[in-house]
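Breakdown of the fold
Read off the chains here:
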Amino acid sequence: MNDDLKRLRLSDQKQSHLQPNSIADSWATGERILVSLSSHPLGERLVRAGRKLADELSAEWFVLFVETPGHLNMPSQNRIRINQNLALAEKLGAQVYKVSGSSVADEVLQFYQRHNITNIILGRTRRPRWQEIFSLSVADEIIRKSSKVGVFVVNEDQETLEDIRTKKWLPHQPLMRYLKSLVLVGVATWISHLVGDFIDPTNLVMLYLIAVVIAAIFLGKGPSILASITSVVVFDFFIINPRFSLAVADMQYLITFAGLLIVGLIISSSATLLRGQVEALQAREMQTQLVNQFSQELTGAITLDQVLEITLKNFAAIFGGEVVVFLPEGTRLHKNAATPHYVLSESEIAAAEWAFKNAQAAGKGTETFPSVQSLFVTLVTSQGVTGILGIQSQVFQEFFTRDQRTFLSSLTNLAALAIERAKFAQDAMQAEALRTAERLQSALLNSISHQLRTPLAAITGVLTSLSESEKASSKNGKLTLAVREELIDSATQQANTLNRLVENLLSMTRLEAGIIHVNSQAGDVQDLIGAVINQMGEFLASRKVVLEILPDLPAVRLDAVLTGQVLVNLLENACKFSEPGSPIYIAASQQGDEILILVADEGIGLAPADLPHVFDKFYRSKLTNQTAGTGLGLSICKGFIEAQGGRIWAENGPVRGSVFSFALPVYDDLKGEAEQ
Amino acid sequence: MKDGKLNILVTDDETAIRHFLKATLSVYDHVVTEADCGLKTIELLAKKHPDLLILDLGLPDMDGVEVIREIREWSSLPIIVLSVRNREEDKIAALDAGADDYLTKPFGVGELLARIRGVMRRSFSEMMAGIYQTGNLEMDVSRRQVTINGSEIQLTPTEFDILKTLFQKPGKVFTHYQIIDKVWNSHLGDESRLLRVNISNLRHKIEPDPNRPTYIKTDLGVGYRLNDNPEDAPANSF
């Protein structure tokens, strides 16, 4: 990361003098950049700097605008500028957040903790020196209070980004706050001392009340009670005559004391109550925002895997720990997704299963399996428990507040609904696929039964007409010899067609069932082609078969029977789709480690639209619908060739006709023997 | 057997096939006896001494290949297998067991009659003198001489032995195993490559066009056979 940062150039043309300030926390996943935006004109530069840094670190980046009560009276031009800058940030790819709170620094710090921010970019405006004596700028406050984070500051009067090394971290020690409350009382006393000669002591009480109010708002209940009590004592000691004594001369001051004490205490408790309410409100707002973000991300998820990934990511980010999702498979739970470092113990798995069976949360913070490290909550929808989500996080203590419970369940409900939706979608897709398969199957059955019945009908027709002719007594009913021979020839042809169809269907079935037995051995291409031509005999008798078998081809690794069947099918096709009498070419050559065999004809060729589909099962070209065929031959060829580790393809001839080629590997002697 | 009339035993468990064969073969004056299982086949063989057995492989009581093996223990009776099993493994198994020929269903009657003729011719031609001939190819075993169109061809001893093996039963398919057994007398594993190379060389020496062999035919995946009728238009084997 050091080098990356050094290489950064955050402002145009000028090398920024960046110093890496710290090492990213080990639990931070990747870089995350936060730009804290104010209404100041500096805003645009901040946003652009954020974009640059995010680009260079390939980090996620966030833009945060904290709306404080002070913003209510903001001039409208500032409001417009803020909106412009936020829109700009969104355009540049930032995740934009708007929160309200009393202190910009506190909100920024809270945000950075929740979102695992690794770098913060801030603006620092020019301020009179004297102001810095009394109060820290927002930037300084953030720098002081943020630990382990890179802070970059864009100065108003400097063109460059300045990296601020995080200074010593000052924790919110309670002691400090009590001391501060005492300082407040001291300040009130000092002012009282200055003006005490002109103002009635009873009015000076107001100064102490101011101190108590400030303490109550900013320092909490304890310090403000301390301030109330010390106010009474100090007031008595320093202001009321006799000075420097706790004795009271005028007894009516006792009423002043009582008033100061009671009012101080009431202010303490009500101001802290208010503070608590504001904090709770802020927490709830933060939760709402997290839930919104989660639900937004889920909206974009389509598949179950996406939903699970988003769920894991969000839960891990929100609770800062490891997350696992179990989904049921049948009656058992199955670990479907988990963050990479989740280690599940056996008792944790038992807890998850208990949670699933009983549809109740189990694990840390519950009554069941409270000793395990993880909490397992149910993902429930109207359909029941869709799964179990486990979280291993330090956030969870031994018990839950109502708020935590509500928050957790709103997140899990979202996850459950999304998972259910994704599952439904998946089921619907499977059902659709099944329906398609069924449609195909019934189309196929129709086609097959049609093709089986046609030759059968022809054969039956011939046989019955021959039978009728035999029975006929008169010469009228007798068929002439020539007609009889014609009928018998056609019946024989139909029977052969039927046989080939059955053979093809068997081959297809064997291919699809994966029970094709490949007996690959060294084979001689010349021998193979010669045998096939011999086998096809009469079928090719009317054709001129042109052979171009290169001499001295090496042996091929093939199953002679399967490859022979492929050649037979290709030759039959070539005959079927070209004019009777036109030549058919068979060529064999070597190309690298493969032997290429092709069968070409001078027929009608293939339509470009058909080329990608000719090897599909039952695919029939529109061009050839008139020609008898099953749409099985070529898909069987493909199956047989691929079963032998070869490949097959179709193209159109250079002039006309189609060319079907297949390539099989050259037989490697060593390899062949090793396998034997 | 007189005037080409044969006593044929037909074994098939399908009545329709038996009836069809009986009707067809009777037309050619052959006498047909029927058996529907393996045991009955063996029993009838001993009783009737037929000239030829046409055997189906899928029998109800035992496998046809078993029947062939059993018969071959005591008889050299010509056997033609007639089966729906058309896989090369089945053909090889039947041929290796001792079947003389193999025909797959469905088949043409013409084809069956040709096979019957071939098988019968071979079973009577074995006693011929040491000179074999088919087409223009002649082999004189005793002088170790092979001629094509009258001119002598130089063959290596292995090529000669292969050709001699095929010549012993012209038209019959010899499986790779059977040829290797006869020529090399061993099965070390490398012979099928040698056989393939030798057949290729042999063809280049004796065939007019080695791309379309007329003398030595290949039955893909099964074996080789010598064409006993080279002038014929090549018929579908098996």
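For the structure itself, look to the data block above.
Conventions we followed
Residues numbered from 1 in each chain as written. Chains lettered and ligands numbered in written order. Predicted model: local features only at pLDDT ≥ 70, side-chain atom pairs only at ≥ 80, totals over all residues. Heavy atoms only, no water. Pairing = 2+ DSSP bridges. Helix = DSSP H or I, 4+ residues; strand = E, 2+ residues; numbered from the N terminus. Axes fitted to C-alpha atoms, helices over the stretch in contact; angles between N-to-C directions. Contact = heavy atoms within 4.5 Å. Buried area = accessible area lost by both parts, 1.4 Å probe. Salt bridge = Lys/Arg side-chain N within 4 Å of Asp/Glu carboxyl O. Polar contact = N/O pair within 3.5 Å; in protein donor to acceptor, adjacent residues only side chain to side chain. Nonpolar A, V, L, I, M, F, W, Y, C, P; charged D, E, K, R; others polar. Core = buried A, V, L, I, M, F, W, Y, C linked by side-chain atoms within 4.5 Å. Buried < 20%, exposed > 50% of the residue type's maximum accessible area, 1.4 Å probe, protein only. Domains from an automatic or database assignment.

Considerations on the sheet that holds strand β8 (residues 145–148) of chain B
Residues and elements named next belong to chain B. If you trace the four strands from one edge of the open sheet to the other, you get β6-β7-β8-β9, paired in antiparallel fashion. At either end of the open sheet lies a strand with only one pairing partner, and these are β6 (131–134) and β9 (151–153). Along the sheet, successive strands turn relative to each other by an average axial angle of 25°, direction set aside. Taken together, the four bridges between β6 and strand β7 (residues 137–140) define a ladder with antiparallel strand orientation.

A closer look at the interface of chain A and chain B
Counting residues at the interface gives 28 residues for chain A, matched by 25 residues for chain B. The contact between chain A and chain B buries some 2100 Å² in all, and 46% of this surface belongs to carbon and sulfur atoms. Three residues stand out in chain A for area buried against chain B, namely Gln526, Asp527 and Asn534 of chain A, and they jointly supply 27% of the buried area on that side. Linking chain A to chain B there are one salt bridge. Between Asp527 of chain A and Arg203 of chain B there is a salt bridge, with the nearest N and O atoms lying 2.7 Å from each other. Summed over the shared surface of chain A and chain B, the result is eight residue pairs in polar contact (both at pLDDT 80 or more). Ranked by residues supplied to the side of chain A that touches chain B, first place goes to helix α15 (residues 525–536) of chain A with nine residues. Residue classes in the side of chain A that touches chain B are distributed as twelve nonpolar, ten polar and six charged.

Section: the nonpolar core
Residues and elements named next belong to chain A. Ile529 and Phe662 are the most contacted members of the largest nonpolar core, which totals 51 residues. Looking at which element gives the most residues to this core, the answer is helix α16 (residues 560–576), with eight residues. Mapping this core onto the domain boundaries places at least three of its residues in each of domain 3 (320–515) and domain 4 (521–675). Discounting residues that sit within four places of it in the chain, Phe662 has contacts with Thr563, Val566, Leu567, Leu570, Ile595, Leu596, Ile597, Ile641, Arg647, Ile648 and Trp649. Counting residues in hydrophobic clusters, the runner-up holds 32 residues, among them Val323, Ile391, Ala416 and Ala422.

Spatial relationships are all this shows, so hold off on functional conclusions.
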